[in-house]
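Given next are the chains, with one letter for each unit.
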Amino acid sequence: MRLILVTERTRAGSDETSHRETVLGGDEIRLGRGSPMEVNLPEIDVDYHHATVREDAGVLRITAVGENGLIAGKKRVHDLALSPGVSVRIDRYEFSSEPGRDGADHVLIMKVLPATADGRAKRREKRTLDDVLPSPRLLSWGLAIAILAVFIAWPMSSVLTRTAPAQGEAVLSDRGEDEIRAPHPIEALWSSGPLSKAHAGIGGECAACHQRPFERTTNGACLSCHATTAQHFSPQDHPHVGLADARCSSCHQEHEGGTSPVVAAASLCTDCHSALASIAPGTSLKPISGFIDDHPNFEPAIITAVTRGPDGALHPTLLPRPFPKDAILQEKSGLRFPHDKHLAPDGVVLTSGKQRLTCKDCHQVEADGNLMRPINMERDCGGCHQMAFAPAGTAITLPHADEAGIARIVRDYFDERVAEGSVTLPAAPTNRRRRIGGGDRNLAGAALTPEWASEETERQLDAIFSKTLCATCHVAEKAGQAATASGWLVHPALLQRHWMPRARFSHKSHQGQDCASCHAATQSQAASDVLMPQLAQCRECHTLEVGEEDPLSAFLAGGHELAGKGDAPAIDTGAIAGPAAKPAPAECITCHRFHRDTTGPISPAHAALFKAARREQ
Amino acid sequence: MRVHQGFLANRAWPMISVLLTLAAVAAFLFYAPGGQRNGSTVVGYTLGVVSALIVLWLAWLGVMKRRFASSSIRRRNKVSAHVWLGLSLVMLAALHSGFHFDYTIHTLTYVLLVIVVLSGVFGIYAYVGTPRRMNANVSAAIVEKRHPDLSDAEQLEMDLTDIDGRLERSLQFLPDSFRDPVRLSLERTRIGGGLFSILSGSSAGCATRRALKQVQKLQGEASGGDDIAARIDALVTDLARKAEIAACLRRDIRYRAWLKLWLWIHIPVTVALIVTLISHIVLVFFYW
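Reading guide: rules and limits
Residues numbered from 1 in each chain as written. Chains lettered and ligands numbered in written order. Predicted model: local features only at pLDDT ≥ 70, side-chain atom pairs only at ≥ 80, totals over all residues. Heavy atoms only, no water. Helix = DSSP H or I, 4+ residues; strand = E, 2+ residues; numbered from the N terminus. Buried < 20%, exposed > 50% of the residue type's maximum accessible area, 1.4 Å probe, protein only. Areas by Shrake-Rupley, 256 points an atom, 1.4 Å probe, with all protein chains shown as cover. Rg over C-alpha atoms; globule rule 2.2 N^0.38 Å. Contact = heavy atoms within 4.5 Å. Axes fitted to C-alpha atoms, helices over the stretch in contact; angles between N-to-C directions. Parallel < 35°, antiparallel > 145°, perpendicular 65-115°, else oblique. Nonpolar A, V, L, I, M, F, W, Y, C, P; charged D, E, K, R; others polar. Disulfide = S-S within 2.5 Å. Salt bridge = Lys/Arg side-chain N within 4 Å of Asp/Glu carboxyl O. Buried area = accessible area lost by both parts, 1.4 Å probe. Polar contact = N/O pair within 3.5 Å; in protein donor to acceptor, adjacent residues only side chain to side chain. pLDDT = per-residue confidence, 0-100. Phe/Tyr/Trp six-rings, centres within 6.5 Å; stacked < 30°, edge-to-face > 60°. Pairing = 2+ DSSP bridges. Core = buried A, V, L, I, M, F, W, Y, C linked by side-chain atoms within 4.5 Å. Expected span 1.5 Å × (residues − 1). Arc of directions from axis to C-beta. Patch = residues over 30% accessible without salt bridge, like charges linked within 9 Å, V, L, I, M, F, W, Y side chains within 5 Å.

## Regarding the overall build of chain A
Looking only at helices and strands, chain A features 16 helices and 22 strands. Sorting the 617 residues of chain A into buried and exposed places 32% on the buried side. With the model as given, the accessible surface of chain A reaches about 36200 Å², and the carbon-plus-sulfur share is 55%.

## Re the overall build of chain B
Secondary structure assignment for chain B yields 10 helices and zero strands. Along the chain direction, N to C, the helices and strands of chain B fall in the order α-α-α-α-α-α-α-α-α-α. Taking 288 residues into account, the globule formula puts the C-alpha radius of gyration at 19 Å, and chain B, at 28 Å, lies well above it. For chain B, long-range pairs separated by at least 24 residues make up 75% of all intrachain contacts whose partners lie at least 6 apart in sequence. Roughly 14600 Å² of accessible area belongs to chain B as shown, and the carbon and sulfur atoms make up 65% of that amount.

## Concerning the environment of P185(A)
Residues and elements named next belong to chain A. Relative to the assigned elements, P185 resides in the loop between α2 (136-160) and α3 (219-223). Residue P185 is classed as exposed on the basis of its relative accessible area of 61%. The sequence separation of P185 and N40 amounts to 145 residues, and the corresponding C-alpha distance is 77 Å.

## What to know about the packing of helix α7 (residues 179-188) of chain B against helix α9 (residues 207-221) of chain B
Packed helices, taken two at a time, are described by the angle their axes make and the gap between the axes. Residue and element names in this part refer to chain B. Here α7 crosses α9 at 170 degrees, and the two axes come no closer than 8 Å. By the criterion of interaxial angle, the relationship of α7 to α9 is roughly antiparallel. For the pair α7 and α9, the contacting residues are P181, L184, S185 and R188 in the first and A207, T208, R210, A211, Q214, V215 and L218 in the second. Broken down by class, the residue content of the contact of α7 with α9 amounts to six nonpolar, three polar and two charged.

## Notes on the state of the cysteines
Residues and elements named next belong to chain A. One pass over the full model with this rule turns up zero disulfides over all chains. With no disulfide of its own, C518 lies 6.6 Å from the sulfur of C538, the closest cysteine sulfur. In this structure C518 comes out as partly exposed when scored by relative accessible area, which is 27%. With no disulfide of its own, C588 lies closest to C269 among cysteine sulfurs, the gap being 3.8 Å.

## Comments concerning the pattern of salt bridges
Enumeration over the complete set of coordinates arrives at 31 salt bridges over all chains. Put simply, R101(A) and E21(A) hold a salt bridge, and the shortest N to O gap is 3.2 Å. On the criterion of sequence distance, the pair formed by R101(A) in the loop between β11 (93-99) and β12 (106-112) and E21(A) in strand β2 (residues 17-25) is long-range, its members being 80 residues apart. Among the charged side chains, a salt-bridge network with shared partners connects R146(B), D159(B), D162(B), R241(B) and E244(B).

## Side note on the side chain of T109(B)
Looking at where T109(B) falls in the secondary structure, it is placed in helix α5 (residues 105-141). Among residues more than four places away in sequence, those in contact with T109(B) are L273(B), T276(B), L277(B) and H280(B).

## Quick look at the interface of chain A and chain B
On the side of chain B, 58 residues touch chain A, which itself brings 62 residues to the contact. Of the roughly 4900 Å² buried at the junction of chain A and chain B (both faces included), carbon and sulfur atoms supply 62%. Considering only the surface of chain A that becomes buried against chain B, I44(A), R127(A) and L129(A) emerge as the three largest contributors, covering 15% of it. With a closest N to O distance of 3.1 Å, K260(B) and D130(A) form a salt bridge. At the boundary of chain A and chain B, one finds 18 residue pairs in polar contact (both at pLDDT 80 or more). Elements with a minimum of two residues in the side of chain A that touches chain B: α1 (129-132), α2 and α13 (551-556) of chain A. Residues belonging to the side of chain A that touches chain B are distributed by class as follows: 30 nonpolar, 14 polar and 18 charged.

## Some thoughts on the confidence of the model for chain A
Residue and element names in this part refer to chain A. The predicted model of chain A averages 80 in pLDDT, with 86% of residues at 70 or higher. Note that pLDDT drops below 50 for residues 425-440; the model gives that stretch 27 contacts with residues more than four away or on any other chain. When the criterion is pLDDT under 50, residues 558-580 qualifies, and its contacts beyond four places in sequence or with other chains add up to 25 contacts.

## A look at the confidence of the model for chain B
Averaged over all residues, the pLDDT of chain B equals 87, while 93% of them reach at least 70. Interface scoring of the predicted complex returns ipTM 0.86; its pTM is 0.73.

## Comments concerning unusual backbone geometry
Residue and element names in this part refer to chain A. The omega torsion of the bond from R321 to P322 falls at -5 degrees, within 30 degrees of zero and hence cis. Turning to its location among the elements, P322 is positioned in the loop between β14 (314-318) and α8 (339-342). Positive phi, normally seen in glycine, also occurs at A57, with a value near 55 degrees. Not every positive phi belongs to a glycine, and D91 is a case in point at roughly 50 degrees.

## A few points about the packing of aromatic side chains
Applying the stated criterion across every chain, the model contains 13 aromatic pairs over all chains. Between F214(A) and F286(B), the aromatic rings sit 5.1 Å apart at their centres with planes inclined by 85 degrees, giving edge-to-face as the arrangement. Highlighted residues: F214(A) in the loop between α2 and α3 and F286(B) in helix α10 (residues 226-286), drawn from two different chains. What makes F286(B) buried here is its relative accessible area of 5%. An aromatic cluster is defined as three or more aromatic residues linked by ring pairs; in this entry it consists of F389(A), Y413(A), F414(A) and W452(A).

## Some remarks on the pairing of β14(A)
Residue and element names in this part refer to chain A. Direction of pairing for strand β13 (residues 303-308) relative to β14: antiparallel, over a ladder of five bridges. Looking across to β14, one finds that V306 is bridged to P316. The loop that links β13 with its antiparallel partner β14 comprises five residues; one of these, G312, has a positive phi angle of about 90 degrees.

## Some thoughts on the nonpolar core
Residues W190(A), I105(B), L112(B), L113(B) and F286(B) are the most contacted members of the largest nonpolar core, which totals 39 residues. Those elements giving two or more residues to this core turn out to be α2 of chain A together with α2 (12-30), α3 (42-64), α4 (72-97), α5 and α10 of chain B. Leave out the neighbours within four places in its chain, and L112(B) touches I147(A), V269(B), A272(B), L273(B) and T276(B). Of all hydrophobic cores here, the second largest spans 36 residues; its members include L167(B), I191(B), L212(B) and I228(B).

## Quick notes on the sheet that holds strand β4 (residues 39-40) of chain A
Residue and element names in this part refer to chain A. Across the sheet, which stays open at both edges, the five strands sit in the order β4-β3-β5-β6-β9 with mixed pairing between neighbours. Only two strands of the sheet have a single partner each, and these edge strands are β4 and β9 (79-81). Across three bridges, strand β6 (residues 59-64) lies against β9 in antiparallel orientation. For I62, the partnering residue across the bridge sits in β9 and is L80.

## A look at the pairing of strand β1 (residues 2-10) of chain A
All names here are of chain A. Where β1 and β2 come together, nine bridges link them in antiparallel fashion. Within β2, the residue paired with V6 across the bridge is E21. Two elements, β1 and β12, share seven bridges in a ladder whose sense is parallel. Across the sheet, the residue bridging to R9 is V112, located in β12.

## Let's talk about the environment of P181(B)
Locating P181(B) in the fold gives a position in helix α7. For P181(B), the contacting residues outside a window of four places in its chain are A211(B), Q214(B), V215(B) and L218(B).

## A closer look at α2(B)
All names here are of chain B. Here α2 is 19 residues long and its end C-alpha atoms lie 27 Å apart, about the 27 Å a rise of 1.5 Å per residue gives. Turning to α2, its buried residues number three or more, namely P14, S17, T21, A24 and F28. Looking straight down α2, one finds that the buried residues subtend no more than 100 degrees of arc, so they occupy a single side. Those residues of α2 that are exposed and aimed more than 90 degrees away from the buried face are M15, L19, L22 and F30.

## Side note on a nonpolar patch on the surface
A contiguous nonpolar patch, built from M15(B), V18(B), L19(B) and L22(B) and spanning about 400 Å² of accessible area, is present on the exposed surface. Following the sequence through the fold, L22(B) ends up in helix α2.

Structural data, given as structure tokens:
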């Protein structure tokens, strides 16, 4: 068999077709990928020997060798006669036949179709980050817009939709005293720091303080809750100090955590008070730059005399302040009291034997923990010092601070004896220290007449007032025309309750200390001793200024603490220093109040609103 | 390479940055009015302003150093300023805040700053070692350079194309059993692809390597003349070489990717940082 193989090749993207004719001979023409094949089809999907072409009954017959077969139209066949008009395809080679010419038996036409851009075509993989990631520019836009949306636009939407009171308008907060407003979850994203514990209840209600954008927190916002807060000083008395522009928040800075935004630093006061004369010429106040450095000596309120007013109330006369140069610092309270005898180390003598007393047996702190409870004779002294009138086995308790009452009881007793016509011999004394009179007197045989009763009453009262009961603690005098029925007048006693009325002192916060470490009571022989500690004694523990709480800066600053201790003179009260106490704060507001109630409210308008609101409730 | 030695050789900016940081630390330690150390004190405010200006200037430098107008010496100094001042920012901004961090936009600003600086540090790390390893990788795989102008990677790409052609042609002389491994190598050998394969550069599942194993197995079973045996030997050689080149190119694109990856963090987060920084400043005065 002679066969002309016509190869028609069409290039991709071109209309031109190239023709090539080859003459093949042999009984069988092999088609396939393999190089020994007569018709070489160099495609990977073509089998090594894919098909064979033979002459069969005058037509070319193509028979597939392997399983891959041939494609005729849309069918897969294995054997096909290539009659004219029939074509069959192997991969991209399409075969058809024509009648023989030029001495050949057949013409086999092989059309080579253009290679398709299928998976076989070399695929360029993504090899750089630019291929697989969005561009940095796109990411930048996305991130910026996301941040603006979440952190700015969202919170701003709630900010812009609320209303604020007009500037300068006095408005009270609608927040209840203990009401805690839940934090606004989104606006909290703007918080520059945690609120102090004192303001934690405001929660995330930013508008409570920040009423209008780009405006510093106004006093009105603070006063809407703190309506009755008092001034530091009355502005009328201090015309040279401008308070008109003072803002609460310039001192009380929030969003710094802590307990409260109260400024503890001494500089709050000493910024002005260290050179007060330059701000307020003619001030009587001494300049002060700090408790540790130059706090003036204490000038306690010392009672120099006690008088009884026409209403019976007691009125103290105080040592004028500043103290005169020659002032004797003795308290004339009208009381006789030796602390040393009561605190004697081997105890006081009682009927039950000797008993050691402590400060607490007589002095107790008030319930609020600050000042000491005022001494009450019956409660605090009466346990030992009983007002007992026991002339003969009786035990009549006389009233304290009632001269007329005492006189009446004593007179009644002797009048009764006269009426009874008898008097019992006095019993053996029950309490050596508590008996009446100079000694037991045998009244038996005496004529029980009213004259006797008067005489005896007079004698007993003289003893009670001048020697035994009252005179133990008080000075009493017998006035000829005394206002009292007894003719005796006991000088009133008034103990100073608050030596430093302008300072705050809490005994409770000093309870770890021994009383004697501040009050030299064990050496005090007279009630006139002012048993207040010296400034230096306070400075022993009160050494800590703000800033020194930070150990690093305290170290760097050279330690004010040591200097403070060095300045304090040794205390000669002996044996009083307790265990070394922790350093305590030494700021102005440790003892002094800033907003003083006596100066009136900062904002009368707010205070009035507050009072009105109270009345409504 | 020369540029990076250059910026490391600059002594001025590291000194300036260290002194600036030390001054800031000293101011932070010594200045604490009322025991407070935060952005509202004089020192805190100053640190904040300085930090913000540095952020903006460094971002501007970052833009400028990508332009070619400036001379290389100036560019080197700018890179040095960018690096050293950028590092000092982490401390300056923390001091500005007084080390107060919480869940707010203010802390977000600092977090973004730290991310920017850390990604920059990673960038420096990448720039210092990667180019040398990258060059060593491809140059070690080069057998013969066809043209001096060709880069090593381009030469390797051409080698791959040549091998693929030879693989396809070799099938004309080999039985059908060799078709699957060759097809596997031709169609399934992937270099790159997704983000993960770019970044890992792993050749663990390389199709050519699998094809090579299959062919080596067939080689033992193959029958035929010396001619076939020689063809199979050539096939094995080609597949082995192709696997080597593919692995080398995978490492190459991995190096290139890691060399640039930090920019995908550094640039967008810098833009986010500037936006957040401006928001932070505005918000502080919005509610003050």
